[in-house]
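Observations on the model geometry
Spelled out from the first residue to the last, the chains are:
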Amino acid sequence: MTMASEATVDRAAVVDHMIDAVVAVLNRDSVQVTEQTRLMDELGLDSTNVLELLMHIEDRLDVVIDSDTLEQHHFESVGTLADYVIGQGLA
């Protein structure tokens, strides 16, 4: 259980988890991923990669992602996806 004093989310830590998840999904050690990396345009994620990425994120961050609120623009970059996950009540 999360302590009340930990109610604020460390965005940088969430972004780091996102980057780790993206690298794991791509299964390429040489890929350079930052908060600004465009998931579809630069990395070429497809629908299968996206599903795998979401599962990694849910596991690593102990969050449930509501697919009904997930939209294409959330996958613009690592940072936009991190913001979406934080907005899902990650605490």
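Predicted model only: the values in this text are computed from it and were never measured. (Residues numbered from 1 in each chain as written. Predicted model: local features only at pLDDT ≥ 70, side-chain atom pairs only at ≥ 80, totals over all residues. Heavy atoms only, no water.)

**A closer look at unusual backbone geometry**
Where we set the bar: In this text, helices come from DSSP runs of H or I with a minimum length of four residues, and strands from runs of E with a minimum of two, each type numbered from the N-terminal end. In this scheme, a residue with accessible area under 20% of its type's maximum is buried, one over 50% is exposed, and one in between is partly exposed, where area comes from a 1.4 Å probe on protein chains only.
With a phi angle near 50 degrees, Asp62 is a residue other than glycine that sits in the positive phi range. Within the secondary structure layout, Asp62 lies in the loop between helix H2 (47-61) and helix H3 (78-87). According to the relative accessible area criterion, Asp62 is exposed, its value standing at 72%.

**Remarks on H2**
As a reminder, the rule being used: To estimate the expected span of a helix, count its residues, drop one, and scale the result by 1.5 Å. This arc corresponds to the set of directions leading from the helix axis out to the C-beta atoms.
Here H2 contains 15 residues, and its C-alpha end-to-end distance of 21 Å stays within 8% of the 21 Å for a straight helix at 1.5 Å per residue. Within the sequence span of H2, burial applies to Asn49, Val50, Leu53, Leu54, Ile57 and Leu61. Taken end-on, H2 shows its buried residues confined to a sector of 135 degrees, consistent with a single buried face. Every exposed residue of H2 that faces more than 90 degrees away from the buried side is listed here: Thr48, Leu51, Met55 and Asp59.

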